[in-house]
Amino acid sequence: MDVVTRQIRSEMEGASWIRRMFDAGLELKQRIGADNVFDFSLGNPDVPPPPAAAAALRGLAEQITAPMGLGYCPNAGLPSVRVALARRLAAEQQAPVEARHLVLTCGAAGGLVTFFRAVLEPGDEVLCFAPYFVEYGAYAGHFGGVLRAVPSKVPDFTPDLAALEAAIGPRARVVLVNSPNNPTGRIYDAATMRALGALLSRVNQGRERPVFLVSDEPYRRLAYGGAEVAPILPLTPFSLVVGSFSKSLSLAGERVGYLLVNPAMPDAQVLVDALTLTNRTLGFVNAPVVGQRLVEALVDESVDVAVYDRRRRAMAEALTGAGIAFHLPEGAFYFFPEAPGGDDQAFVRLLLEENILAVPGRGFGMPGYVRLTFCVDEQVIRRAAPGFARAARKARGA
């Protein structure tokens with residue numbers, strides 16, 4: 001008997017490699033002990049929230065005893081939270097952002113789903129650069145959208161704009177970029193982003209249905225060595241930002257994100273109203289109120305990025321010592337090194353023999369690489385270094 005749809009059955013059979021490795025890690029930890037497993041599979045931020053979060057929660061404890069303290073709120077989010085966030089985003093995006101241009105969502109993922117529901121017709125295409133976050137395809141596919149991946153340039157994962165332009169056809173509806181990128185840690189430089197904006201402005205001339213530029217930015221505040229994340233809104237009128245506080249504030253479990261519509265977009269308010277509707281009718285209704293209040297109190301705060309930077313350098317040392325080629329990430333908390341021997345699945349199996357958990361690059365649309373997260377204790381990275389070296393030697397047949 002068919003109790004689920006063919007589409008969902010297919011997605012279940014091709015379930016996320018990230019979750020597969022996470023589940024394998026749980027079994028391994030039960031068998032040999034968590035301290036003996038080096039888990040670089042899941043991007044679950046472990047750096048504590050900013051210290052001000054504790055005081056904010058204590059203040060919330062007094063507020064929630066009032067009538068409707070944890071009741072429904074406007075579908076687009078609490079007005080005061082939208083005002084506070086608009087102030088910050090106006091500075092980040094170098095644009096006249098106001099609260100009315102924002103919809104608060106259940107994380108960045110909920111934001112993307114909310115947006116796709118509002119703009120995609122069956123057969124519309126969402127284009128992104130590979131490697132990419134694996135669930136983009138599912139988010140678009142829920143509404144009949146089709147994900148089309150355009151390979152990035154290697155070895156530094158620079159967007160291939162010529163290839164993107166060639167891939168934009170009559171059914172193109174969204175170009176989705178993710179910078180800092182998951183899984184590569186790449187930050188797209190300002191010149192590249194300006195060229196992308198100019199490309200889409202050309203493409204949209206005379207089109208009845210515009211191609212949107214959507215920037216997925218949950219890692220915006222995790223940037224290292226002076227790297228800067230270019231603003232998106234000044235690049236082209238049909239642009240949006242989707243973000244969250246899962247990484248910047250270590251509030252992943254609270255599921256609070258946002259959609260920001262470019263104030264310069266024609267019919268911007270129509271799109272905001274549509275997003276407010278789809279946020280409700282998809283069943284999200286409104287972003288969690290406790291999370292919203294925390295965001296309001298911490299809107300100018302961030303986790304200690306220096307902790308992640310130290311881990312980034314430790315992982316670079318471990319991979320260099322093992323002779324594994326990689327592009328040093330400028331942001332986020334991932335490395336995407338080449339798999340020695342060229343077979344990412346085989347190398348992941350060799351790492352597993354060393355009790356090291358990694359994710360094959362084919363799970364992100366780019367075989368031949370593996371993803372390693374460094375949101376783990378620095379000592380875990382350093383203790384794993386000999387295992388990386390042994391696995392790399394085996395992969396090369398040495």
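Residues numbered from 1 in each chain as written. Predicted model: local features only at pLDDT ≥ 70, side-chain atom pairs only at ≥ 80, totals over all residues. Heavy atoms only, no water.

Another aspect to go through is the pattern of salt bridges. Under the counting rule described, the total for this entry stands at 24 salt bridges. Of the charged contacts in the structure, one is a salt bridge between Asp-124 and Arg-171, with a shortest N-O distance of 2.9 Å. Of this pair, Asp-124 sits in the loop between α5 (107-119) and β3 (125-130) while Arg-171 sits in the loop between α7 (161-167) and β5 (172-178), and the two are 47 residues apart along the sequence. Its salt-bridge partner being Glu-317, residue Arg-382 comes within 2.9 Å of it at the nearest N-O pair. Of the two residues, Arg-382 is situated in helix α13 (residues 378-395) and Glu-317 in helix α11 (residues 305-321); the sequence distance between them amounts to 65 residues. Taking relative accessible area as the criterion, Glu-317 reaches 48% and is therefore assigned partly exposed. (Salt bridge = Lys/Arg side-chain N within 4 Å of Asp/Glu carboxyl O. Helix = DSSP H or I, 4+ residues; strand = E, 2+ residues; numbered from the N terminus. Buried < 20%, exposed > 50% of the residue type's maximum accessible area, 1.4 Å probe, protein only.)

Taken together, the side chains of Met-1, Val-3, Val-4 and Ile-8 make up a nonpolar region of the molecular surface, amounting to roughly 460 Å² of accessible area. The residue Ile-8 is located in helix α1 (residues 6-13) in this model. You can call Ile-8 partly exposed: its relative accessible area is 30%. (Patch = residues over 30% accessible without salt bridge, like charges linked within 9 Å, V, L, I, M, F, W, Y side chains within 5 Å. Areas by Shrake-Rupley, 256 points an atom, 1.4 Å probe, with all protein chains shown as cover.)

It is worth spelling out the packing of aromatic side chains at this point. One pass over the full model with this rule turns up 18 aromatic pairs. Ring centres 5.8 Å apart and planes at 65° place the aromatic pair Phe-157 and Phe-336 in the edge-to-face group. Of this pair, Phe-157 sits in the loop between β4 (146-151) and α7 while Phe-336 sits in the loop between β9 (334-335) and α12 (344-353), placing them 179 residues apart in sequence. Per residue, the accessibility class of Phe-157 equals that of Phe-336, and both read buried. With centroids separated by 5.0 Å and ring planes inclined at 65°, the aromatic side chains of Phe-333 and Tyr-334 adopt a geometry described as edge-to-face. Take Phe-333 and Tyr-334: they sit in the same class, and that class is buried. A network of ring pairs unites the aromatic residues Phe-115, Phe-116, Phe-212 and Phe-238 as a single cluster. (Phe/Tyr/Trp six-rings, centres within 6.5 Å; stacked < 30°, edge-to-face > 60°.)

Attention shifts here to the pairing of β5. A regular strand places its side chains on the two faces of the sheet in alternate fashion. Of all 7 residues making up β5, 7 are buried, and the element is well covered by its neighbours. Across 4 bridges, the pairing between β3 and β5 is parallel. Following the sheet pairing, Val-126 is matched in β5 by Val-174. Here β5 runs beside strand β6 (residues 212-216); their pairing, made up of 5 bridges, is parallel. Across the sheet, residue Val-175 finds its bridge partner in β6, namely Leu-213. (Pairing = 2+ DSSP bridges.)

The geometry of α5 relative to helix α9 (residues 268-281) is characterised by a closest axis approach of 9 Å and an angle of 115° between their N-to-C directions. Note that α5 runs across α9; the crossing there is right-handed. Where α5 approaches α9, its residues Thr-114, Phe-115, Arg-117, Ala-118 and Val-119 are matched on the opposing element by Leu-271, Ala-274, Leu-275, Thr-278 and Asn-279. (Axes fitted to C-alpha atoms, helices over the stretch in contact; angles between N-to-C directions. Left-handed = near helix turned anticlockwise from the far one by under 90°. Contact = heavy atoms within 4.5 Å.)

Turning our eyes to something else, we now look at the pairing of strand β8 (residues 257-261). Counting buried positions over the 5 residues of β8 gives 5, a clear majority of the element. Neither face of β8 is left uncovered, since the one carrying Gly-257, Leu-259 and Val-261 and the one carrying Tyr-258 and Leu-260 both have all their residues buried. Where strand β2 (residues 102-105) lies against β8, 4 bridges are found, and the strand directions are antiparallel. Across the sheet, Leu-104 pairs through a bridge with Tyr-258, a residue of β8.

The biggest cluster of nonpolar side chains holds 51 residues, and the ones touching the most others in it are Phe-40, Tyr-308, Met-315, Leu-372 and Phe-388. Those elements that place two or more of their residues in this core are α2 (17-32), α11, β9, α12, β10 (356-357), β12 (370-373) and α13. Top element by residues in this core is α11. It accounts for 8 residues. In contact with Phe-388, other than residues within four places in its own chain, are Phe-40, Met-315, Ala-318, Leu-319, Ala-322, Ile-324, Leu-351, Ile-356 and Leu-372. (Core = buried A, V, L, I, M, F, W, Y, C linked by side-chain atoms within 4.5 Å.)

Two numbers describe how α12 lies on α13: the axes approach to 9 Å, and their chain directions differ by 140°. Judged by the angle between their axes, α12 and α13 are oblique. The way α12 lies across α13 gives a crossing that is right-handed. From α12, Phe-347, Leu-350, Leu-351 and Glu-353 reach across to α13, where they touch Phe-388, Ala-391, Ala-392, Lys-394 and Ala-395. Here the residues of the contact of α12 with α13 are counted per class, giving 7 nonpolar, no polar and 2 charged. (Parallel < 35°, antiparallel > 145°, perpendicular 65-115°, else oblique. Nonpolar A, V, L, I, M, F, W, Y, C, P; charged D, E, K, R; others polar.)

What follows concerns helix α4 (residues 79-93). The terminal C-alpha atoms of α4, which comprises 15 residues, lie 20 Å apart, in line with the 21 Å expected from a rise of 1.5 Å per residue. Among the residues of α4, those classed as buried are Val-81, Arg-82, Ala-84, Leu-85, Ala-86, Arg-88, Leu-89, Ala-90, Glu-92 and Gln-93. Taken together, the buried residues of α4 touch β2, β7 (239-244), β8 and α10 (289-298). (Expected span 1.5 Å × (residues − 1).)

Moving on, we get to the sheet that holds strand β11 (residues 359-360). Reading across from one edge, β9-β12-β11 is the order of the 3 strands in this open sheet, with antiparallel pairing throughout. The sheet is open, and its two edges are formed by β9 and β11, each paired on a single side. With 2 bridges joining them, β11 and β12 adopt antiparallel strand pairing. Residue pairing in the sheet places Val-359 in a bridge with Arg-371 of β12.

Right, let's talk about the sheet that holds β4 for a bit. A sheet is described by the order of its strands in space; here 7 strands give the open sequence β2-β8-β7-β6-β5-β3-β4, paired in mixed fashion. Each edge of the sheet is formed by a strand with only one pairing partner; in this case those strands are β2 and β4. For this sheet, the mean inter-axis angle between neighbouring strands, taken without regard to orientation, is 25°. Here 4 bridges tie β6 to β7, and the two strands are oriented parallel to one another. Residue pairing in the sheet places Leu-213 in a bridge with Ser-239 of β7. Where α5 meets the sheet, its contacts fall on β2, β3, β5, β6, β7 and β8, and the angle it forms with β7 comes to roughly 150°.

Read these as spatial facts, not as claims about activity.
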